[in-house]
Structure formats: structure tokens, C-alpha cells
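If you want the building blocks of each chain, they are given just below.
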Amino acid sequence: MKDPSRELALTKLKTLIDEFFKEELSTTYPFTDQGLENKPLELETRLEHFAWILYVKPYLKKVIDWCIYSRERENYTYELTQANIAHLISWVKIILSCSYEQANTWINEIINNTALKTYYRSYISQLDTKYFDLDLRYGRRMGWYSLVRGLKPKLVVETGVHLGIGSCVISAALEKNMQEGFPGKYIGIDNNPYAGALFLNSPYKHIGEIIIGDSLEILRTIDCKIDLFISDSDHSLSHEAKEYKLVSSKLSSNSMILSDNAGGNTNLLDFANETNRDFLYFKEIPLNHMHKGAGIGVAWNKVIPGHLFTTF
Ligand SMILES: C[S@@+](CC[C@H](N)C(=O)[O-])C[C@H]1O[C@@H](n2cnc3c(N)ncnc32)[C@H](O)[C@@H]1O
């Protein structure tokens, strides 16, 4: 239910901001739509104007929208553009050696998972904290979901759980796999004692567990084969590299390794080269959000079909 006085205040604020920008443009830059023909400009001014119109203003608008409409202060969530979702489908298709239609089906499966969205909204609504938005937005996690659906892993390990959005998305995929006769388990690791609350209260909690502790220490204690490893904890170069080193001997032969950090370094690419795996990167393009987007790095064994059980 929208609060009319808040809505009115927001509309006024937006009008003020729009007017500010109009004013700013007409004074800082001595041309408007009408003035362009009769006032030739210095090249430098034209370039500044070009940058302002093309990059700065649209970005500022996204920042302002985020300030007004979002409560999130970390681990931002957002939708992806339609084109970006199509790129993701094609990326999944290549990794899993499946058809575009099959990859599309998996992406749509998580997009249309209304039970998870409804659970998220009701869980967030009853939290005391004001730092989460009510809408569940998956972003790149749609790619995680599809890879779990295609790979049919028996064990998925994710380092860095936060609230547990990834945990729920992965477990939703594992549950579907289980319904199709391919059981699998999820382990999430986080050093924050409150991490994973969304997952631990969810209908998916029977699919796995959250272990609290430093990811390096906990990974050392895991003694089963890992089919899908997702690194999303401490994003420092050395910590991420140590995680790959630690899990290296625990990975099953057809395993996949995903990184949430692969856009900023070559850790996973180096690991892929060292262990004779292929590497690909998917870059997010957020829809109407000020975040520039993260991505998914994947290292996998292309010569073996990209899944543990041949089902398609
Ligand atoms: C980006 S968030 C993870 C987001 C999550 N994967 C998702 O899908 O929403 C990073 C998490 O890593 C955790 N973290 C940071 N350093 C860690 C460490 N050394 N060991 C375990 N967890 C760590 C933080 O507490 C935080 O919850």
C-alpha cells in the first residue's frame, strides 16, 4: 500500500531535481534546443556537453532514483536488461552444451518462481532492519540457477552467503533437480554469525546448511567432492586465490567453479589455465540501477559435456 504523502513528497523532489538539471544545463552550457544554430561553441564545451548529456546526467538520475527508492546499502540487487538476459541464456547454452531453448527454460523457471518472491517479500517485511528492498531481484544469480539445473550437482558449496539470496536461488534449483531424480545438497559458508537468515527460514532449508566461520578454515574441513563451487566471500585477490587452491583437490572431475569477482582480476582465469579448464565471463547490465553490474566467471571442463548426468 503506497503512502500518498510520501509519494507526493517524492514527486515534488523529482520535479525539483529535474528543474535543477534543466537550469544547470541552460546556464553552464550556453545552448538549449533553440540556441544551438545561432551560437557556435568551442570544441571543448561541446565535448563537455556531450559527456554530460550522454553519461553524467543519466547516471546521476539513476543515483537519485536509488537514493529515493532503494533501501539497500550493500550487496545491491537489480534486474538485468532484456538484451543482457538473452546474452546470459546464450552464455549458459555454451557452458552446458545445451540448446538455447533449454537454457531459456531454466532462466524462465527462476524468473517465474513466484513462491520464492512471495516468501522473500514476507520475510523482509517482518525484519526490523530497513536495509533491504521488498522485491527480490536475481540479477546474475539467474545464471547460477541455470548452471545448477544443467549440471545436476550432488554438492554445491558457496562461500559468502550474506542474507542468503544466492542460497535460496541455488537451493530452488537443487529442489527441482531432486524432483527430477537428481538429488543434491547445498553448503553456504560465511563468517558473519547472522548470515543466511533468509535461507534458514525458507522452504528450502532442508536442502542444505550454513556454516559460520572463515571460508578458508571451513573449506579445509570439507571432505566430500564438490561439484559446483561459488566464490563470493572476501573479494581480496589473495583470499579468493587461496579458496581455489584449497578446493582444488576436492573438486569432482566434471566440476564447475564460479566467481563473483572475476570481472576485476584474473584469479579464476589463472586457476582455469593451471587446471586445464576453460574460462568464460558474463558481464551484467543492470536495468535502471546505479550499480555498474557484477558478473559471473566460470571455469569448467569443456571436453566433458558440461553436466554430471546426461539428461538433455
Ligand atoms: C557479497 S556477499 C555474498 C552475497 C551472496 N553470495 C548472495 O548471493 O547474495 C559477501 C559475504 O561474504 C562474507 N565474508 C567476507 N569475508 C569472509 C570470509 N573470510 N569468510 C567467510 N565469509 C566471508 C560476508 O560476511 C558477506 O556476507
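Residues numbered from 1 in each chain as written. Predicted model: local features only at pLDDT ≥ 70, side-chain atom pairs only at ≥ 80, totals over all residues.

A. Local environment of the site of the ligand. By nearness alone, 19 residues border the ligand, and Gly-160, Gly-166, Ser-215, Ser-233 and Asp-234 come closest of all. The residue makeup of the shell around the ligand, split by class, is four nonpolar, nine polar and six charged. (Near = placed C-beta within 6 Å. Nonpolar A, V, L, I, M, F, W, Y, C, P; charged D, E, K, R; others polar.)

B. Highlighting the environment of Leu-280. You can see Leu-280 is positioned in strand E6 (residues 278-283). The class of Leu-280 is partly exposed, set by 16 C-beta atoms lying within 10 Å. Aside from chain neighbours lying at most four places away, what touches Leu-280 is Trp-91, Ile-94, Ile-95 and Val-298. (Helix = DSSP H or I, 4+ residues; strand = E, 2+ residues; numbered from the N terminus. Buried ≥ 20, exposed ≤ 12 C-beta atoms within 10 Å, placed from the backbone. Contact = placed C-beta atoms within 7 Å.)

C. Expanded view of helix H3 (residues 82-96). Spanning 15 residues, H3 covers 21 Å between terminal C-alpha atoms, matching the ideal 21 Å at 1.5 Å per step. Residues of H3 that are buried include every one of Leu-88, Ile-89, Trp-91, Val-92, Ile-95 and Leu-96, and no others. Across the axial projection of H3, the buried residues extend over an arc of 165 degrees, all falling on one side. Across from the buried face of H3, at angles greater than 90 degrees, the exposed residues are Gln-82 and Ala-83. For H3, the secondary structure elements touched by its buried residues are helix H4 (100-111), helix H6 (141-151), E6 and strand E7 (295-300). Note on H3: the residue one or two positions beyond its end, Ser-97, has a positive phi of about 50 degrees. (Expected span 1.5 Å × (residues − 1). Arc of directions from axis to C-beta.)

D. Focus on unusual backbone geometry. The phi torsion at Asn-276 lies on the positive side, around 60 degrees, for a residue other than glycine. The topology assignment puts Asn-276 in the loop between helix H11 (267-274) and E6. Among the residues examined, Asn-276 registers 9 C-beta atoms within 10 Å and is labelled exposed. Despite not being glycine, Asn-288 shows a phi value in the positive range, around 50 degrees. Using a count of 12 C-beta atoms within 10 Å as the deciding quantity, one classes Asn-288 as exposed.

E. Representation of the sheet that holds strand E3 (residues 208-212) in the model. Here seven strands make up an open sheet; going across it, the order is E3-E2-E1-E4-E5-E7-E6 and the pairing mixed. One side of each edge strand has no neighbouring strand; the edge strands of this open sheet are E3 and E6. Each strand of the sheet is rotated relative to its neighbour by a mean of 15 degrees, with strand direction disregarded. Two strands pair when backbone bridges link them, and strand E5 (residues 251-259) and E7 are joined in this way by four bridges, in the antiparallel orientation. Within the sheet, the bridge partner assigned to Met-256 lies in E7 and is Trp-300. Here helix H10 (residues 237-247) sits on the sheet in contact with strand E1 (155-159), strand E4 (226-231) and E5, set at roughly 170 degrees to E4. (Pairing = 2+ DSSP bridges. Axes fitted to C-alpha atoms, helices over the stretch in contact; angles between N-to-C directions.)

F. Representation of the environment of Lys-302. Relative to the helices and strands, Lys-302 resides in the segment after E7. Considering only alpha carbons, one finds Lys-302 and Ser-97, 205 residues apart in sequence, at a separation of 8.6 Å.

G. Just the nonpolar core, in detail. Counting residues in each nonpolar core, the largest one holds 65 residues, and the members touching the most others are Tyr-145, Leu-147, Val-148, Val-169 and Leu-228. For this core, the element with the most residues is helix H7 (residues 165-179), which contributes seven residues. If sequence neighbours within four positions are ignored, Val-148 has contacts with Pro-153, Val-156, Ile-170, Ala-173, Leu-174 and Leu-228. (Core = buried A, V, L, I, M, F, W, Y, C linked by C-beta atoms within 7 Å.)

H. Looking closely at the packing of H6 against H7. Relative orientation of the contacting elements H6 and H7 amounts to 25 degrees, with a least axis distance of 9 Å. In terms of orientation, H6 lies roughly parallel with respect to H7. Considering the relative orientation of H6 and H7, their crossing is right-handed. Listed contacts from H7 to Arg-141, Trp-144, Tyr-145, Val-148 and Arg-149 of H6 are Ile-165, Gly-166, Val-169, Ile-170, Ala-172, Ala-173, Leu-174, Lys-176 and Asn-177. For the contact of H6 with H7, the per-class residue count stands at nine nonpolar, two polar and three charged. (Parallel < 35°, antiparallel > 145°, perpendicular 65-115°, else oblique. Left-handed = near helix turned anticlockwise from the far one by under 90°.)

I. Representation of the pairing of E1. Taking burial as the measure, the five residues of E1 include five buried ones, the bulk of the element. Burial along E1 is two-sided: the residues Leu-155, Val-157 and Thr-159 and Val-156 and Glu-158 are all buried. For E1 and strand E2 (residues 185-190), the ladder comprises five bridges, and the chain directions are parallel. If you follow Thr-159 over to E2, its bridge partner there is Ile-189. Sheet topology note: the E1/E4 ladder contains four bridges and is parallel.

J. Region of the structure containing H6. Burial within H6 is extensive, with 11 of its 11 residues counted as buried. Just past H6, the residue Lys-152 takes up positive phi, approximately 55 degrees.

K. Expanded view of the packing of H4 against H6. It is at 9 Å that the axes of H4 and H6 come closest, and there the two elements cross at 120 degrees. The angle between the axes of H4 and H6 places the two elements in the oblique class. Pair H4 / H6 crosses with right-handed handedness. In this structure, H4 contributes Ala-103, Trp-106, Ile-107, Ile-110 and Ile-111 to the contact, and H6 contributes Met-142, Tyr-145, Ser-146, Arg-149 and Gly-150. When its residues are assigned to classes, the contact of H4 with H6 shows seven nonpolar, two polar and one charged.

Purely geometric stuff here, so don't read any function into it on its own.
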